[in-house]
Amino acid sequence: MNPLFAIHKHYGSLLLLLILIVVVNALVKGPNTRLQRIVAVLVDINLIIGLIVVLQPDARNVSWLHPIFALGSVGLLHAGAKSEDKAKVVRCFSLALVLLVAAWAVNASWGPAFTKSLWLIK
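Throughout, a residue's number is its position along its own chain's written sequence, starting from 1. In view of the model being predicted, local features appear only for residues whose pLDDT reaches at least 70, and side-chain atom pairs are presented and counted only at 80 or more, with totals across whole chains, interfaces and linings using the full set of residues. Each side-chain value is derived from all of the structure's non-hydrogen atoms; neither hydrogens nor water enter the calculation.

Trainee: Any chance you could explain the packing of helix α3 (residues 65–81) against helix α4 (residues 86–107) here in plain terms?
Mentor: Two packed helices can be described by the angle between their axes and the distance between those axes. Direction vectors running N to C along α3 and α4 enclose 165 degrees, while the axes themselves pass 8 Å from each other. With respect to α4, the element α3 is oriented roughly antiparallel. In this structure, α3 crosses over α4, and the sense of that crossing is left-handed. Here the nonpolar group is Ala, Val, Leu, Ile, Met, Phe, Trp, Tyr, Cys and Pro; Asp, Glu, Lys and Arg are the charged ones; every other residue, Gly included, is treated as polar. In terms of residue class, the contact of α3 with α4 is built from 18 nonpolar, five polar and one charged. Interaxial angles span 0 to 180 degrees and are taken between N-to-C directions of axes, which are lines fitted to C-alpha atoms, for helices over the stretch in contact. Strands are runs of DSSP state E lasting at least two residues, helices are runs of H or I lasting at least four, and both sets are numbered from the N terminus onward. Relative orientations are named as follows: roughly parallel for angles under 35 degrees, roughly antiparallel for angles over 145 degrees, roughly perpendicular for angles from 65 to 115 degrees, and oblique for any other angle. Should the near helix be turned anticlockwise from the far one by less than a right angle, the crossing is left-handed, and should it be turned clockwise, the crossing is right-handed.

Trainee: Got a minute to help me understand helix α1 (residues 3–28) in this structure?
Mentor: Because an α-helix completes one turn every 3.6 residues, residues spaced three or four positions apart along the sequence face the same direction. Here, expected helix span is obtained from the residue count minus one, scaled by 1.5 Å. Between its first and last C-alpha, α1 extends 37 Å over 26 residues, near the 38 Å set by a 1.5 Å rise per residue. Within α1, burial applies to Ala6, His8, Tyr11, Gly12, Leu15, Leu16, Ile19, Val22, Val23, Asn25 and Ala26. Residues of α1 that are buried make contact with α2 (33–55), α3 and α4. For this analysis, a polar contact is any N or O atom pair within 3.5 Å, provided that within protein one partner can donate a hydrogen and the other can accept it, and provided that sequence-adjacent residues contribute only side-chain to side-chain pairs. At the N-terminal boundary of α1, the capping side chain belongs to Asn2, with an oxygen 3.1 Å from the backbone nitrogen of Leu4. Of the residues one or two after α1, Gly30 is the one with positive phi, at around 105 degrees. In this scheme, a residue with accessible area under 20% of its type's maximum is buried, one over 50% is exposed, and one in between is partly exposed, where area comes from a 1.4 Å probe on protein chains only. Contacts between residues were defined by any pair of non-hydrogen atoms, one from each residue, lying within 4.5 Å.

Trainee: Explain the nonpolar core to me, please; I cannot follow it from the model alone.
Mentor: Generally speaking, nonpolar side chains in soluble globular proteins are found buried as a group. We call a set of buried residues a nonpolar core when its members are Ala, Val, Leu, Ile, Met, Phe, Trp, Tyr or Cys and they connect through side-chain atoms within 4.5 Å of each other. With 22 residues, the main nonpolar core has Ile19, Val22, Val39, Val43, Leu77, Val89 and Phe93 as its most contacted residues. Mapped onto this core, the elements with two or more residues apiece are α1, α2, α3 and α4. When residues no more than four places from it in sequence are discounted, the contact partners of Ile19 are Val39, Val43, Leu77, Phe93, Leu97 and Leu100.

Trainee: I'm lost on the packing of aromatic side chains in this one. Help?
Mentor: The relation between two aromatic rings is expressed through the spacing of the ring centres and the mutual angle of the planes. Pairing of aromatic rings covers Phe, Tyr and the six-membered ring of Trp, with a centre-to-centre limit of 6.5 Å; geometry is then stacked below 30 degrees between planes, edge-to-face above 60, and tilted otherwise. Taken as a whole and judged by the stated rule, the model has one aromatic pair. On the basis of an interplanar angle of 90 degrees and a centroid distance of 5.2 Å, the ring pair of Trp104 and Trp110 is categorised as edge-to-face. Given a relative accessible area of 43%, Trp104 falls into the partly exposed group. Among the residues examined, Trp110 registers a relative accessible area of 49% and is labelled partly exposed.

Structure, rendered in structure tokens:
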């Protein structure tokens, strides 16, 4: 397995947990803009690692839905990163979490079968 692919995969799993922590923290204690910004930037880093992985010559096929969902989640994370409005933070980070799980599902073995044969990048 490509080491960058492994980093992207495991780091992405950790990010799902961090986003969930931001949502729970916002619900319990209120928004924490420092944590929200850090998580948004960490997701940006994983997006860049994923782009590098896809551009490598030995990369596996990836559904177009994967980067579309990932970019949508990055937009939502940055929309809520600086906010101190509890409802906005919970909405943005929760929707970003759903989009990242969907991005994971389109290429995962347990994900929907139609995404594995249609709309492939390579």
